[in-house]
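Chain by chain, the residues:
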Amino acid sequence: MWSFAARMPGSAVVLPDGRCDIIVRNHASTPDQFVPIITGPATQSYCVDYNTGDQWFGIRLRPEHGATLWQGDLSKAPNSVLRGAEALHRLPALAALHGTAPTLDALARIVPSQSWPDVDARLTRAIDILHASGGRLRIDALAKFVVCTARHLNRLFRRNIGLTAKTYAQLIQFHRALKLVTTGNVPIIAAAFEGGYADHAHMVRSFRRFGGFTPSTVPSDLSLPDVFSK
């Protein structure tokens, strides 16, 4: 669960993390109204503009619960954002917030954690192992850890997350390298080595793909999702 309140006008670059979010956005000019938003698993960054007093309340799902939210449309969900009526159609329970000033507690009551069913334990374990390894583990080795074939593991990722196992691992690898560069004060060349990239050019391609910037031109207005939390 997360929230954000804008203290001044501005914008933020939101980075992809392969997860889905259930969000209500509250504009300062209309405090008793909200915009429901449903996001798919993102692999591309995007920019959000806001004014003073604008608020967001959100629930970020574990990656394997994407299929529960998107049902049969998961294949169309990557990098998709549903707003307003489209979001309400996807999750009608959000309509219960109509006419009220939304809060994080109210959103949590509408979307309780118990509503997200268990999935194949091998997928959950594979995701946790990928996070622990910083995305550096090869998919065939990951499949051996969870006792299944690489092909079947990929099916589990596509069926439940909407992304391939390799793409999800690359997202984790990108975020780990980004943290090394931005908060770990690690030199770029060393971050590429520690991040598991073949070389500096490989890391540059990853940063451009997922962030839209290079390791030497990281924007100051990033919104960094906590991809290492469960």
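These numbers come from a predicted model, not from an experiment.

Caption draft 1: Spatial organisation of the overall build of the chain. Broken down by element type, the chain carries nine helices and eight strands. Taking 230 residues into account, the globule formula puts the C-alpha radius of gyration at 17 Å, and the chain, at 18 Å, falls close to it. Projected onto the principal axes, the alpha-carbon positions of the chain cover approximately 55 × 40 × 25 Å. With 230 residues in all, the chain has 47% of them scored as buried. The contacts of the chain with a sequence gap of at least 6 include a subset with a gap of at least 24, amounting to 73%. When the accessible area of the chain is evaluated, it comes to approximately 11,600 Å², of which 53% is carbon and sulfur surface. Of the charged side chains in the chain, 25 are positive and 17 negative; the average position of the first set lies 8 Å away from that of the second.

Caption draft 2: Main features of the side chain of Thr214. By the secondary structure assignment, Thr214 is in the loop between α9 (200–210) and β8 (222–223). Its relative accessible area of 13% is what places Thr214 among the buried residues. A distance of 2.7 Å separates polar atoms of two side chains, one belonging to Thr214 and the other to Thr217. Once residues lying within four places of it in the same chain are set aside, the contact partners of Thr214 are Val204, Phe207 and Arg208.

Caption draft 3: Main features of the pairing of strand β3 (residues 21–26). By the criterion of burial, β3 is predominantly enclosed, with six of the six residues buried. The two faces of β3 match: Asp21, Ile23 and Arg25 on one face and Ile22, Val24 and Asn26 on the other face are all buried. Across six bridges, the pairing between β3 and strand β6 (residues 55–60) is antiparallel. Note that in β6 the partner of Asp21 across the bridge is Arg60. Bridge count between β3 and strand β4 (residues 35–39): four bridges; the pairing is antiparallel. Looking at the pairing, Val24 lines up with Pro36 of β4.

Caption draft 4: Representation of the nonpolar core. Ranked by internal contacts, the top residues of the largest apolar core, which has 34 residues, are Leu130, Leu142, Leu153, Phe157, Phe174, Met203 and Phe207. Elements supplying a minimum of two residues to this core: α4 (121–132), α5 (139–145), α6 (150–160), α7 (165–182), α8 (188–194) and α9. Per-element accounting of this core gives the leading share, 10 residues, to α7. When neighbours within four sequence positions are excluded, Met203 is seen to be in contact with Ala177, Ile188, Ala191, Ala192, Tyr197 and Pro215.

Here is what the cut-offs are and how they apply
- Residues numbered from 1 in each chain as written.
- Predicted model: local features only at pLDDT ≥ 70, side-chain atom pairs only at ≥ 80, totals over all residues.
- Heavy atoms only, no water.
- Helix = DSSP H or I, 4+ residues; strand = E, 2+ residues; numbered from the N terminus.
- Rg over C-alpha atoms; globule rule 2.2 N^0.38 Å.
- Buried < 20%, exposed > 50% of the residue type's maximum accessible area, 1.4 Å probe, protein only.
- Contact = heavy atoms within 4.5 Å.
- Areas by Shrake-Rupley, 256 points an atom, 1.4 Å probe, with all protein chains shown as cover.
- Lys, Arg positive; Asp, Glu negative; His and termini not counted.
- Charge placed at Lys NZ, Arg CZ, Asp CG, Glu CD.
- Polar contact = N/O pair within 3.5 Å; in protein donor to acceptor, adjacent residues only side chain to side chain.
- Pairing = 2+ DSSP bridges.
- Core = buried A, V, L, I, M, F, W, Y, C linked by side-chain atoms within 4.5 Å.

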